[in-house]
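So you can see what is in the structure, the chains are spelled out below.
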Amino acid sequence: VSMSELTFFDKTRIQMEYVVPLINELKEVLGEETVLDALDKVSKLRLERTDKKEEADFSQMNEMVEIYAAGSALEYDVIASSADLFDVDVHVCRYAEMMEQLGGRDFGHLLICSGDFISAKEMGMDLSRTKTRMQGADSCDFRYRPAER
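Okay, so let's go over this structure.

The rules behind each value
Residues numbered from 1 in each chain as written. Predicted model: local features only at pLDDT ≥ 70, side-chain atom pairs only at ≥ 80, totals over all residues. Heavy atoms only, no water. Helix = DSSP H or I, 4+ residues; strand = E, 2+ residues; numbered from the N terminus. Expected span 1.5 Å × (residues − 1). Buried < 20%, exposed > 50% of the residue type's maximum accessible area, 1.4 Å probe, protein only. Arc of directions from axis to C-beta. Contact = heavy atoms within 4.5 Å. Pairing = 2+ DSSP bridges. Axes fitted to C-alpha atoms, helices over the stretch in contact; angles between N-to-C directions. 1 Å grid on protein atoms, 1.4 Å probe; cavity = no way out; pocket = protein on both sides within 12 Å on 5 of 7 lines; lining within 4 Å. Points joined across faces, edges and corners; volume = space filled by probe spheres on them. Nonpolar A, V, L, I, M, F, W, Y, C, P; charged D, E, K, R; others polar.

Take helix 2 (residues 32-49) next. Compared with the 26 Å implied by 1.5 Å per residue over 18 residues, the 26 Å span of helix 2 between its first and last C-alpha is a close match. The complete set of buried residues in helix 2 reads Val35, Leu36, Leu39 and Ser43. One face of helix 2 carries all of its buried residues, which in axial projection span an arc of 100 degrees. Residues of helix 2 that are exposed and point more than 90 degrees away from the buried face comprise Glu33, Lys41, Glu48 and Arg49. Those residues of helix 2 hidden inside the fold are in contact with helix 1 (8-30) and helix 5 (105-122).

This next bit is on the sheet that holds strand 1 (residues 74-82). On the basis of which strands lie adjacent, the open sheet formed by four strands has the order 1-2-4-3 and antiparallel pairing. Each having just a single partner strand, strand 1 and strand 3 (125-128) make up the two edges of the open sheet. In this sheet, adjacent strand axes meet at a mean angle of 20 degrees when their direction is disregarded. The pairing of strand 3 with strand 4 (residues 140-146) spans four bridges and is antiparallel. Among the inter-strand pairings, Ser128 is bridged to a residue of strand 4, identified as Arg143. Along the sheet, helix 3 (residues 61-69) contacts strand 1, strand 2 (85-93), strand 3 and strand 4; its crossing angle with strand 1, the most-contacted strand, is approximately 170 degrees.

On to the layout of surface pockets. Taken as a whole, the largest pocket holds about 560 Å³ of empty space. Forming the walls of the largest pocket are 30 residues, and the residues nearest its centre are Phe8, Tyr68, Tyr95, Ile112 and Asp116. Those elements that place two or more of their residues in the lining of the largest pocket are helix 1, helix 3, strand 1, strand 2, helix 5 and strand 4. Examining the composition of the lining of the largest pocket, we find that six residues originate from one element, helix 5, more than from any other. For the second largest pocket, the lining is made up of 15 residues, of which Ser43, His109, Ser114, Phe117 and Arg129 are closest to its centre. Breaking the lining of the second largest pocket down by element, the ones donating at least two residues are helix 2 and helix 5. Along the lines of polarity and charge, the residues of the lining of the second largest pocket split into five nonpolar, six polar and four charged.

See below:
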């Protein structure tokens, strides 16, 4: 299997198989609170440094979700889709299951879920989300809107 044939989930799993043990070892050496605070700060810094690369094009959102869902990684329902919004609820998230298996679910939202906000910003959108499967909720509620100017 070539890298181009791997799904986004497969690529993320390969990354997390290396990253999660390292983070868990850092938690042992430096303390859990210090490491989790650092991951949170890095996540926020990455978002701050991300530039809006394009105007929002909500017509592409179904295809975008399919990239992340490929290989049965997500089971979801599109709640609303129009020229200026896209709402989706994720009911099954194999990313959360993978992080549980690898021993990193307590910080998976800082490594994986935080990237959703970066992607949204790059696409000229604002994302709001009040809950995630990664953090134990029954679903993830993605709500995309055009970015504020």
